[in-house]
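# Coordinates in review
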Amino acid sequence: MTSGRLRRATPAWLILPTRSAVPGGPAGKQPVADDAPTVSPIDPPVGLEANPWTTLASTPQYANPWIDVVEHRVLDPSGRPGIYGTVHFRNLALAIVPIDAEGCTTLVGQYRYPLGRYSWEVPEGGGARDVAPIESARRELKEETGLEAGQWLEILRLDLSNSVTAFLAWDLRQGASEPDTTEALAVRRLPFAEALQLVWRGEITDALSVASLLKIDAMAHAGALPGDVQRLLAKR
């Protein structure tokens, strides 16, 4: 894989890929575009910074290679006893939006067992927490689509039940895909504008895909994307 540059954007874990693979920065760091707008953090109200919950005991209930389920005995903010169940995902969730030299992106289709139906999504996968997200994203893009990207931009971070990192990737090179044995994937290349229409019409409902595609669209309208990608998407 060839080296490339990793740029920063406003806090987010979303990656848009292009042709060749790019080494990532330190774990926990976000690439930011030079012309990206500065966003001030929203601080909690004074006096409400501390955790108002008291944990009395935590008991593991279930574990497998992907998740841990724990039941906590707690005192809620009013001081009343109760229980709180948490599901901890062992890996980071990653999403990648690849943009090629013609302003097209690539979606991946597969049957999602938890949903009980087929789903079209941006390339996604999981990454070990001790590995830089950009490195895991680069691997997932190659595995699912055969694409390698020369340029990467972290565009989105989300807190669901699992932390999510998404990237924008461009400067793409097509190679052979290497899907996991658990994946039966279809790959679909289409104009970025058409992918947005699928979101608007409710035909793409995967949370990472919706958030990633809309984030890139918003950045494009704000002029906050790297110049070469900005020009590609301006042709829509």
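Predicted model, so just to flag it, every value in this text is computed and none were measured.

When you go through the protein chain residue by residue, the secondary structure sums to 4 helices and 12 strands. For the protein chain, the residues scored as buried account for 43% of the 236 residues in total. Counting only contacts in the protein chain whose residues sit at least 6 apart along the sequence, the fraction spanning at least 24 positions is 66%.

In this section: the side chain of threonine 145. Structurally, threonine 145 can be placed in helix H1 (residues 133-145). Within the local environment of threonine 145, its side chain forms a polar contact with the backbone nitrogen of leucine 147, the two atoms lying 3.1 Å apart. Those residues in contact with threonine 145 that sit more than four places away from it in its chain are Thr106, Val108, Pro123, Gln174, Gly175, Ser177 and Val187.

Next up on the list: the pattern of salt bridges. Enumeration according to the criterion identifies 12 salt bridges in this entry. As a salt-bridge pair, arginine 80 and aspartate 76 come within 3.9 Å of each other at their nearest N and O atoms. Across the pair arginine 189 and aspartate 100 runs a salt bridge, and its minimum N-O distance is 2.5 Å. Of this pair, arginine 189 sits in strand E12 (residues 186-191) while aspartate 100 sits in the loop between strand E6 (91-98) and strand E7 (104-112), and the two are 89 residues apart along the sequence. Take arginine 189: its relative accessible area is 47%, and that puts it in the partly exposed class. The class for aspartate 100 is buried, based on a relative accessible area of 14%. Each of Asp100, Glu102 and Arg189 takes part in a single network of salt bridges with overlapping partners.

The sheet built from 3 strands is open, its strands ordered E8-E7-E12 with antiparallel pairing. Every interior strand has two partners, whereas the edge strands, strand E8 (117-121) and E12, have only one. With direction set aside, neighbouring strand axes in the sheet form an average angle of 25 degrees. Here E7 pairs with E8 via 5 bridges, running antiparallel. Bridge assignment links glycine 109 to a residue of E8, and that residue is tryptophan 120. Against the sheet, helix H2 (residues 192-200) touches E7 and E12, its axis set at about 110 degrees to E12.

Procedures and definitions
- Residues numbered from 1 in each chain as written.
- Predicted model: local features only at pLDDT ≥ 70, side-chain atom pairs only at ≥ 80, totals over all residues.
- Heavy atoms only, no water.
- Helix = DSSP H or I, 4+ residues; strand = E, 2+ residues; numbered from the N terminus.
- Buried < 20%, exposed > 50% of the residue type's maximum accessible area, 1.4 Å probe, protein only.
- Contact = heavy atoms within 4.5 Å.
- Polar contact = N/O pair within 3.5 Å; in protein donor to acceptor, adjacent residues only side chain to side chain.
- Salt bridge = Lys/Arg side-chain N within 4 Å of Asp/Glu carboxyl O.
- Pairing = 2+ DSSP bridges.
- Axes fitted to C-alpha atoms, helices over the stretch in contact; angles between N-to-C directions.

Purely spatial values, then, with no claim about function.
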